[in-house]
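# Residue-level structural notes
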Amino acid sequence: MLVCKFGGTSVGKPEAIEQILKILKDNDHKDRVGAVVVSALSGLTDTLIDITRKAAVNERSYSGIVDALEERHLMIAGYFLNKTEKEHTETVLKGIFLQLRQLLEGIASLQELSPRTLDRVMGFGEMLSSVLLADIFTAKGLPATALDARDLVKTDDNYGKAQFLKEETYSNIREFFNARREKPLYVVTGFIGSTVHGETATLGRGGSDLSAAIFGAALGAETVEIWSDVDGILTADPRLVKNAFLIENISYIEAMELSHFGAKVLYPPTIRPSLEQGIPIWIRNTFKPLGKGTMITEEPVSGGFPVLGISSTNHVALVRIQGSGMVGVAGFSSRLFGALAQKRINIILITQSSSEYSICFAVLPSDIENAGLAIQEQFAQEIEAGVIDAPVVEQDFSIIAVVGSRMKSTPGISGKFFHALGRNGVNIVAIAQGSSELNISAVIARQDEEKALNAVHEAFFLSTVRSVNLFLIGIGLIGGTLVDQLAVHQEILADQHHVRINLAGAANSRNMIFRREGLDPKTVRSRLREGGEGILPFDLQTFIEKMKAFNLPNTAFCDCTASRDVADQYAGIIQSAIPIITPNKLANSGSFAYYKTLTGYSKDSGIPYLYETTVCAGLPVISTLRDLHLSGDRVRRIEAVLSGTLSFIFNNFDGSKPFSALVREAKAKGYTEPDPRDDLNAMDAARKALILARECGMSLEFDAVAIEPILPAACFEAAGVDAFFAELEKHDAGFESRRREAEAQGNALRYVAVIEDGSARISLRTEGPGSPFLSLKDADNIVVITSDRYSVLPMVIKGPGAGAQVTAGGVFADIVRIARTLV
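My aim in this report is to walk through the structure given alongside it, one point at a time. (Residues numbered from 1 in each chain as written. Predicted model: local features only at pLDDT ≥ 70, side-chain atom pairs only at ≥ 80, totals over all residues. Heavy atoms only, no water.)

### Concerning the overall build of the protein
The helix and strand inventory of the protein stands at 31 helices and 30 strands. Taking 823 residues into account, the globule formula puts the C-alpha radius of gyration at 28 Å, and the protein, at 36 Å, lies well above it. With the C-alpha coordinates of the protein rotated into their principal frame, the extents come out at 120 × 70 × 55 Å. A buried classification covers 53% of the 823 residues belonging to the protein. Taking contacts inside the protein between residues at least 6 apart in sequence as the whole, the part at least 24 apart equals 72%. When the accessible area of the protein is evaluated, it comes to approximately 35500 Å², of which 50% is carbon and sulfur surface. Placing the 82 positive and 97 negative side-chain charges of the protein at their respective mean positions leaves the two points 3 Å apart. (Helix = DSSP H or I, 4+ residues; strand = E, 2+ residues; numbered from the N terminus. Rg over C-alpha atoms; globule rule 2.2 N^0.38 Å. Buried < 20%, exposed > 50% of the residue type's maximum accessible area, 1.4 Å probe, protein only. Contact = heavy atoms within 4.5 Å. Areas by Shrake-Rupley, 256 points an atom, 1.4 Å probe, with all protein chains shown as cover. Lys, Arg positive; Asp, Glu negative; His and termini not counted. Charge placed at Lys NZ, Arg CZ, Asp CG, Glu CD.)

Below is the structure:
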């Protein structure tokens, strides 16, 4: 025999009820179902609570709502029943609604609402659905009878969450079913029972699941089937974790742990009756009856993961009691939790320090007041004497729990759990783990729940996949090229390298756009340029606040601007546990204190701050210096050509063209800014030299970098670009004279940065045959590193040091590096 329960969404519409009829008539269920337990129509219980509270304050709008509820039930009856059948059903339904209206009138007259009265009203939903479904089943060839569970299921008087009385209830159910010779299909009211005094009592929200388990256990059912609108128990809540997937087999204890900590698929007390009788519970989807669902048994088939699922309770409060009067005092915990039990307060989680100085426990916010009163009453003398502090209550927390029976035999589970949380900036307020190692729980800020669930789920179930939720600001030359590269390689990275880059936010200088599920890199540039739906005016603070408010796991911020305003925000971003990738030099070449703040916080916290492309674009200069330092080498000297613009000019300054003509050519090729003086003032090269000096451990400020001017002062004083070129042409002879002087000695001119002995300088100097600086082509950069290990033959890093493709490629590589780091 089977006992089937159908939830509110399964009975809420005619189409859903038709699906139930198909299930009950199929080969697996025909003539095998002894009882069908039903919930109220979807949304009805919440509506009943609402109208009851309206009635309690004499708000007469409840009357129209009751009329609409009645019409809803009659409409469903009319959909399935002929005229004669419908008349009978309407008579019964209207009689029940009459009782409901009379009860609400009484509540309105007294303007008083007790938990007992609220339970009476809430029970009407199941009474209505059981009558409605029984008549529909009968009309469609499944002889059925409505069964009011209040006649059989006996409970205590804890209204709102009553405990059923097992022996009396089981005896009543067995006696009732055994006494009937004819066995119609009983359509049982879920959710409700009655006290020994005959008062209606509800079994708690979701109690229809428990009702099914009670009838299944009492009747010795082969299986209890819980039918709803979900596929089964998933590895996490799919509303919060998009990558959650079905758990096909799970043990009673694992299911109990997951449901206790918030898995909404199954009401937690449902497990106990089935566990005691060894009856499997099969959770199935009414709208996908061929799906595998989740089977709950004593010894399920083992899955491939040590952690079976991740769950959360999204609104709890912490109560902490502490004091020297607790240390070494026998029976203290018994007094504490006994006092709480007397107030019928459910404890969700408990943690105690090994010193016995404090105990912390989690409760529902609705229990805070009673918990405080219970503690104050029980420990009044100790609190007055000052040996125990008054209880401290903190709110707005969630509990996240990882559950799995194989955790016990798998080392490193706790480490992976806490690393995933810490890596994403999720602060852990309290932790708990039972000796069975079946569950590890952590109390976290409520606002971090979704991010924590996704981070932990990825760590345990998608460990071969690395992901980044990227927020990109600056869609100019470099940023735009980066987006183009992402558009080409996004799918390749995901399919071949298991790296997923989700562009969750992007901005140019005028507009910004966000999408949690990801923007299409193929269209984001045009959308920002053209505006339209979803486009917001750009505001830097709003962009950052939105990024933080999304609170996505594995968030990373990428700055492809040259803006000091953006660079000034780095500290707040990285201190929010958000990694930064940037080719923007202004942060690292600003004040030394700010540079140390960023790099120091990154080092201490483990939050990546990647700026490889601030020097020599995509060349691995900064990472090489860092590796030399980490491996114990000491850099003695760095010589480098750090400007692609100046490299192009002097590489081609061979006497065939005047100096000014080469500057014009560099501008035409896009090697310079619109005003070439922004490159020829050597400020950009000086910032790069300063960054390298700081990477070598030098505590230099920018004004300590000695810069030999390339151009005469008159060139910088010229008004406008045309005037600048006119002035520059006047000095072509001087540049040519210096070139010839070097050439006469077999040398050539190069603008070289030198970093050594705690100083940095940039100057125009002559290079002779054999110099690595004479091997440069076009706009190449070169960095020559002399260290203790590379003293005889220095290390040379050479290649394109500028250009959108190579710079964006370097930024892209850093983003992928972030993905591989965020585990």
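### Considerations on the pattern of salt bridges
Here the structure, examined in full by the defined rule, presents 42 salt bridges. With a closest N to O distance of 3.4 Å, E276 and K166 form a salt bridge. Linking E276 in helix α11 (residues 271–277) with K166 in helix α8 (residues 166–178), this pair joins segments that are 110 residues apart in sequence. For K166, a relative accessible area of 28% puts it in the partly exposed group. Where R664 meets E729, a salt bridge forms, and the shortest distance between an N and an O atom there is 3.2 Å. Linking R664 in helix α25 (residues 659–668) with E729 in helix α29 (residues 721–729), this pair joins segments that are 65 residues apart in sequence. For R664, a relative accessible area of 39% puts it in the partly exposed group. Taken together, the shared-partner salt bridges connect R637, E639, E756, R761, R765 and E767 into one network. (Salt bridge = Lys/Arg side-chain N within 4 Å of Asp/Glu carboxyl O.)

### Comments concerning helix α3 (residues 44–56)
Counted at 1.5 Å a residue, the expected span for α3 with its 13 residues is 18 Å, and the 18 Å between its end C-alpha atoms agrees. Residues of α3 that are buried include every one of L44, T45, L48, I49, I51, T52, K54, A55 and A56, and no others. As for α3, its buried residues are in contact with α4 (62–80), α5 (83–110), α6 (115–122) and α7 (124–139). (Expected span 1.5 Å × (residues − 1).)

### Quick look at the side chain of R284
Its location among the elements puts R284 in strand β10 (residues 281–285). We classify R284 as buried; its relative accessible area is 7%. Side-chain polar atoms of R284 contact the backbone oxygen of P289, separated by 2.8 Å. Ignoring any residue separated from it by four or fewer positions in sequence, one finds R284 in contact with H29, E225, I226, W227, S228, V230 and P289. (Polar contact = N/O pair within 3.5 Å; in protein donor to acceptor, adjacent residues only side chain to side chain.)

### Quick notes on the environment of R634
By secondary structure assignment, the location of R634 is in the loop between α23 (622–630) and β25 (635–641). Along the primary structure R634 and Y790 are separated by 156 residues, whereas in three dimensions their C-alpha atoms are 9.4 Å apart. Beyond its immediate stretch of four places on either side in the chain, R634 contacts S787 and D788.

### Looking at the side chain of T807
With respect to the secondary-structure elements, T807 resides in helix α31 (residues 804–821). The buried category is assigned to T807, whose relative accessible area is 8%. If we ignore the near neighbours within four places in the chain, the residues touching T807 are I478, P583, T613, A617 and A802.

### What to know about the packing of aromatic side chains
Inspection of the entire model under this criterion finds 28 aromatic pairs. Relative to F557, the ring of F543 lies with its centre 6.5 Å away and its plane at 65°, an arrangement referred to as edge-to-face. Taken together, the positions of F543 in helix α19 (residues 540–550) and F557 in strand β22 (residues 555–559) put the pair 14 residues apart, joining distant regions of the chain. A relative accessible area of 0% means that F543 is categorised as buried. Take F557: its relative accessible area is 0%, and that puts it in the buried class. Plain terms: the ring middles of F724 and F725 are 5.0 Å apart, the flat faces sit at 55° to each other, and that makes the pair tilted. According to the relative accessible area criterion, F724 is buried, its value standing at 0%. Owing to a relative accessible area of 3%, F725 belongs among the buried residues under this scheme. (Phe/Tyr/Trp six-rings, centres within 6.5 Å; stacked < 30°, edge-to-face > 60°.)

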